Amino acid sequence: SAPWCEHCQALKSTLEVVKQQGISVQEVNVDEEPKRAKDARVMNIPTVVLAENEQEVRRFTGAKTFNEIIQFYNG
């Protein structure tokens with residue numbers, strides 16, 4: 001994510017609702033943590049990566065609705 005990215009900001013508010021469902025969400029600012037973004041192979045923002053035991057399971061890019069994110073999370 002990045003503070004200047006409109007899609008990131010839209011997704012951020014949706015992810016706040018996702019957090020309220022007990023799902024852990026961690027935001028990474030690509031401007032402040034470029035190495036971490038590179039290590040995660042982030043090419044576009046917003047990018048959401050689902051990880052289990054620090055291993056990527058799946059990802060999506062772009063803004064999504066709450067229901068789309070829950071479906072993504074549930075697989």
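Right, let's walk through the structure included here. Computed from a prediction, not measured in an experiment: that's the story for all the values here.

For the rest of this paragraph, the subject is the overall build of the protein chain. From N to C terminus, the protein chain includes 3 helices and 2 strands. Overall, the protein chain shows an N-to-C arrangement of helices and strands of α-α-β-β-α. Computed over the C-alpha atoms, the radius of gyration of the protein chain is 12 Å, within 12% of the 11 Å expected from 2.2 N^0.38 for a compact globule of 75 residues. Dimensions of the protein chain, computed from the C-alpha atoms along their principal axes, are close to 30 × 30 × 15 Å.

Throughout the structure, instances matching the rule amount to 6 salt bridges. Here Glu27 and Lys12 are joined by a salt bridge, their closest N and O atoms 3.7 Å apart. Linking Glu27 in the loop between α1 (6-20) and α2 (34-39) with Lys12 in helix α1, this pair joins segments that are 15 residues apart in sequence. Classification of Glu27 as partly exposed rests on a relative accessible area of 42%.

Summed over all chains, the structure comprises 1 aromatic pair. Their ring planes at 90° and their centres at 4.8 Å tell us that Phe60 and Phe72 sit as a pair that is edge-to-face. Residue Phe60 is located in strand β2 (residues 55-61), and its partner Phe72 is located in helix α3 (residues 66-74); the two are separated by 12 residues in the primary sequence. Its guanidinium or amino end placed over the ring of Phe72, Arg58 lies 5.5 Å from that ring's centre, counting from NZ or CZ.

Across 6 bridges, the pairing between strand β1 (residues 47-52) and β2 is antiparallel. Residue Val48 lies in a different strand from β2, and its bridge partner there is Phe60.

Counting 9 residues, the largest nonpolar core is built from Leu11, Leu15, Val18, Ile23, Val48, Leu50, Phe60, Ile69 and Phe72. Elements supplying a minimum of two residues to this core: α1, β1 and α3. When residues in this core are grouped by element, the largest group, 3 residues, is from α1. Ignoring any residue separated from it by four or fewer positions in sequence, one finds Val48 in contact with Leu11, Arg58, Arg59, Phe60 and Phe72. Among the nonpolar cores identified, the runner-up in size contains 5 residues, and Ala2, Cys5, Cys8 and Ala37 belong to it.

Reading the values: rules and limits
Residues numbered from 1 in each chain as written. Predicted model: local features only at pLDDT ≥ 70, side-chain atom pairs only at ≥ 80, totals over all residues. Heavy atoms only, no water. Helix = DSSP H or I, 4+ residues; strand = E, 2+ residues; numbered from the N terminus. Rg over C-alpha atoms; globule rule 2.2 N^0.38 Å. Salt bridge = Lys/Arg side-chain N within 4 Å of Asp/Glu carboxyl O. Buried < 20%, exposed > 50% of the residue type's maximum accessible area, 1.4 Å probe, protein only. Phe/Tyr/Trp six-rings, centres within 6.5 Å; stacked < 30°, edge-to-face > 60°. Lys NZ or Arg CZ within 6 Å of the ring centre and 35° of its normal. Pairing = 2+ DSSP bridges. Core = buried A, V, L, I, M, F, W, Y, C linked by side-chain atoms within 4.5 Å. Contact = heavy atoms within 4.5 Å.

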